[in-house]
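Residues per chain, in single letters:
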Amino acid sequence: MTEQLSSSASNRLLIIGSGLAANRLLEELDLQHPFSEILLLDDEGVAHYNRIMLSPLLAGEVSLNTITPHDEHWYRARRVRRLSPWPVSRIDTQQQRVYAENGDALCYDQLVIATGSRSALPALPGIDHPAVYGFRSLRDVDALLRAGENAKRAIVVGGGLLGIEAAVGLRQRGLSVTLLHRNPVLMNRQLDSEAAALLRDALAQRGIEVMTGVSPTAVLHSASGELRGLALNRQGVMQELNADLLVFATGIHANTELAQQAGLTVNRGIIVDTALRSSAERVFAIGECCEFDGNSYGLVAPIWDQVRILAAQLRGDHAARYSERQHLTKLKVSGLDVHSMGQFIAEPGDDCLCLSDPARGVYKKLLLRNSKLIGLLCLGDIRDSLWYAELLESGQSVAPLRQQLLFGRAYCDGIA
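Conventions used here
Residues numbered from 1 in each chain as written. Predicted model: local features only at pLDDT ≥ 70, side-chain atom pairs only at ≥ 80, totals over all residues. Heavy atoms only, no water. Pairing = 2+ DSSP bridges. Helix = DSSP H or I, 4+ residues; strand = E, 2+ residues; numbered from the N terminus. Expected span 1.5 Å × (residues − 1). Buried < 20%, exposed > 50% of the residue type's maximum accessible area, 1.4 Å probe, protein only. Polar contact = N/O pair within 3.5 Å; in protein donor to acceptor, adjacent residues only side chain to side chain. Core = buried A, V, L, I, M, F, W, Y, C linked by side-chain atoms within 4.5 Å. Contact = heavy atoms within 4.5 Å. Axes fitted to C-alpha atoms, helices over the stretch in contact; angles between N-to-C directions. Salt bridge = Lys/Arg side-chain N within 4 Å of Asp/Glu carboxyl O. Phe/Tyr/Trp six-rings, centres within 6.5 Å; stacked < 30°, edge-to-face > 60°. Lys NZ or Arg CZ within 6 Å of the ring centre and 35° of its normal.

## Here we look at the pairing of strand β15 (residues 237-242)
No. 1: With six bridges connecting them, strand β14 (residues 227-234) and β15 associate as antiparallel partners. Residue pairing across strands places Leu232 opposite Gln239, the latter belonging to β15.

Written as structure tokens, this is what we have:
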């Protein structure tokens, strides 16, 4: 169905991608948006799903239907038309047209690129083996479920959030799982060594072997092509680890190819300004595919800020501007709640307050500088993390509260 590129597209918004950022934008625009219609272009061929729930989906704890938030009535009520699958092949910013792989075309008044990211596989010998997978999309989950039917032993490379979630999901599917991480500290962007030790214990209780300080050097396979496992460098000692399924969760690449081909300014992501505008007129970018002030994105909190600003811009509020700010990172890893914000590694002169209860799986760390809270890390007990975040954002002195601060708001109320 080749679309007529005429007045039928007047005041039309096109969104390329149907991930978390695109869906949140539709929710933010809601029923009163100014567009005659919104077209949502998706190449996966399925309705929007909550990608945060991919690990429970892999583990068999939820179904695709339970993580699909909206039905067709919801889209129709908002004048949204889903075209799925509709894989985009190129964007013509001069003619304001988007082309599909089959030659079909759509024109737009405003265009939002929300193409997200994909797993970044390291440049290792043998990395192109068919038993090597990423963990970022529904396609990845489907592939892992098929592979897991005949696999017994899996290796997951990457001890960040996604790697841990993949390891937990595969373990719950009955596979023997080893999790490898290059850094000595699991989730080293969110945790310190003591909190990571508690997380490691939780993973061990699930039957997951954890190896840190380990770097893979090659994917190994037999002469007949069957996967054998990984060659490793562990603190200078070379060894081999057997597996018949490999998952790499070692980072992401922003999906910027369409933007590059269209002539947009791209670095690690699509460069946007404070209005989330790209270098092309009437073209915006949000989410993991964009880059602002040198920063790209892998967590949802800043993306929600971007969506809120872009929705205001699209409604005509051109005073709305995006700016970077600190966010409370909220994670649930292997059954443990983890909240972190700001700095959690002390520098000389910092005041570090810690509470550790390994038996209960509780760890709290507050970092103070010049009597102001500059970082928090709560694992297991997150009851006061939002209050800590408010104190951090306010920049107020917490000197009068210092003695009771670790014990939470209830102990600090009433203190002058």
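Having seen the model, we can carry on.
## Describing helix α5 (residues 161-172)
No. 1: Helix length check: α5 (twelve residues) gives 17 Å between terminal C-alpha atoms against 16 Å at 1.5 Å per residue, within 8%.
No. 2: The complete set of buried residues in α5 reads Gly163, Ile164, Glu165, Ala166, Ala167, Val168, Gly169 and Leu170.
No. 3: Among the residues trailing α5, Gly174 stands out with phi positive, at a value near 100°.

## Remarks on the side chain of Ser278
No. 1: Within the element layout of this structure, Ser278 appears in the loop between β18 (270-271) and β19 (283-285).
No. 2: The class of Ser278 is buried, set by a relative accessible area of 10%.
No. 3: In terms of polar contacts, Ser278 uses its side chain to reach the backbone amide nitrogen of Ala280, at 3.2 Å.

## Overview of the nonpolar core
No. 1: Of all hydrophobic cores here, the largest spans 54 residues; its most connected members are Leu25, Leu41, Ile91, Val98 and Ile113.
No. 2: By residue number, the principal contributor to this core is helix α8 (residues 300-314), which donates seven residues.
No. 3: With sequence-adjacent residues up to four places away left out, Ile113 is seen in contact with Ile16, Ile91, Ala259, Leu264, Ile270, Val283, Phe284, Ala285, Ile286 and Cys289.
No. 4: Core analysis: the second largest hydrophobic core is formed by 45 residues, Leu58, Leu144, Ala147 and Tyr363 among them.

## A word on the sheet that holds strand β5 (residues 97-100)
No. 1: Pairing is antiparallel in the open sheet, where three strands are placed in the order β4-β5-β6. With one partner strand each, in any of the chains shown, β4 (88-92) and β6 (105-107) form the two edges of the open sheet. In this sheet, neighbouring strand axes are inclined to one another by 20° on average, regardless of whether the strands run parallel or antiparallel.
No. 2: Judged from the three bridges that link them, β5 and β6 form a sheet pairing that is antiparallel. Each residue of the ladder has a partner; that of Val98, found in β6, is Leu106.

## Points about the pattern of salt bridges
As a working rule, side chains carrying opposite charge can pair if their charged atoms are close by.
No. 1: Here the structure, examined in full by the defined rule, presents 21 salt bridges.
No. 2: The closest approach of N and O atoms between Arg228 and Glu240, which form a salt bridge, is 2.8 Å. Note that Arg228 is positioned in strand β14 and Glu240 in strand β15, a separation of twelve residues in sequence.
No. 3: The exposure class of Arg228 is partly exposed, given its relative accessible area of 34%.
No. 4: For the salt bridge of Glu347 with Arg369, the shortest nitrogen-to-oxygen distance reads 3.3 Å. Of the two residues, Glu347 sits in the loop between β22 (336-342) and β23 (351-357) while Arg369 sits in strand β24 (residues 362-369), which places them 22 residues apart along the sequence.
No. 5: Of the residues examined, Glu347 reaches a relative accessible area of 43% and is grouped as partly exposed.
No. 6: Look at Arg369 and you get partly exposed, because its relative accessible area is 25%.
No. 7: Connected via shared salt-bridge partners are Asp305, Arg308, Arg325 and Glu393.

## Looking at the packing of aromatic side chains
No. 1: According to the stated counting rule, one finds four aromatic pairs in the structure shown.
No. 2: When the centroid spacing of 5.0 Å and the interplanar angle of 75° are considered together, the rings of Phe292 and Tyr322 count as edge-to-face. Of this pair, Phe292 sits in the loop between β20 (290-291) and α8 while Tyr322 sits in the loop between α8 and β21 (329-333), and the two are 30 residues apart along the sequence. Take Phe292 and Tyr322: they sit in the same class, and that class is buried.
No. 3: For the ring pair Trp387 and Tyr388, a centre distance of 5.5 Å and an interplane angle of 35° mean the geometry is tilted.
No. 4: Using a relative accessible area of 0% as the deciding quantity, one classes Tyr388 as buried.
No. 5: The ring centre of Tyr75 lies 5.7 Å from the NZ or CZ of Arg82, which sits over that ring.

Nothing here speaks to function; it is geometry throughout.
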